[in-house]
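Architecture at a glance
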Amino acid sequence: MERVYVIPLRDAKKAPRTKRSPKATRVVREFIQKHMKSQDVKLDASVNETIWERGIQKIPPKIKVKATKEEDGSVLVTLAQ
């Protein structure tokens with residue numbers, strides 16, 4: 001199963017400046033767990049690089065990702081084109 005999501009990262013903006021990128025990564029992981037019904041979520045390096053692109057303090061307001069659920073129930077999250 002394959003789906004494309006636009007994940008808002010405004011919840012991560014509420015975190016202290018020096019913890020925003022790690023919080024944004026957790027927000028993406030929690031969003032995918034909730035919507036794809038899986039606890040095993042793997043983020044691609046491109047997603048991580050997009051979140052960290054401007055540093056720890058300046059995260060993007062939203063991110064567009066493609067989530068692919070494998071046969072064993074794990075979910076791979078990559079950056080959507």
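Above this text you will find the structure in question.
Residues numbered from 1 in each chain as written. Predicted model: local features only at pLDDT ≥ 70, side-chain atom pairs only at ≥ 80, totals over all residues. Heavy atoms only, no water.

1. Remarks on the environment of Arg10
Inspection of the secondary structure assignment puts Arg10 in helix 1 (residues 10-13). Since its relative accessible area comes to 59%, Arg10 is described here as exposed. The spacing of Arg10 and Gln33 is 23 residues in sequence and 18 Å in space, taken between C-alpha atoms. (Helix = DSSP H or I, 4+ residues; strand = E, 2+ residues; numbered from the N terminus. Buried < 20%, exposed > 50% of the residue type's maximum accessible area, 1.4 Å probe, protein only.)

2. Description of the pattern of salt bridges
Scanning the entire structure with this criterion turns up 2 salt bridges. In this structure, the salt-bridge partner of Asp11 is Lys14, at a minimum N-O distance of 3.9 Å. By relative accessible area, which is 43% here, Asp11 ends up partly exposed. You can call Lys14 exposed: its relative accessible area is 71%. Between Lys42 and Asp40 there is a salt bridge; the shortest N-O distance is 3.5 Å. A relative accessible area of 45% places Lys42 in the partly exposed class. (Salt bridge = Lys/Arg side-chain N within 4 Å of Asp/Glu carboxyl O.)

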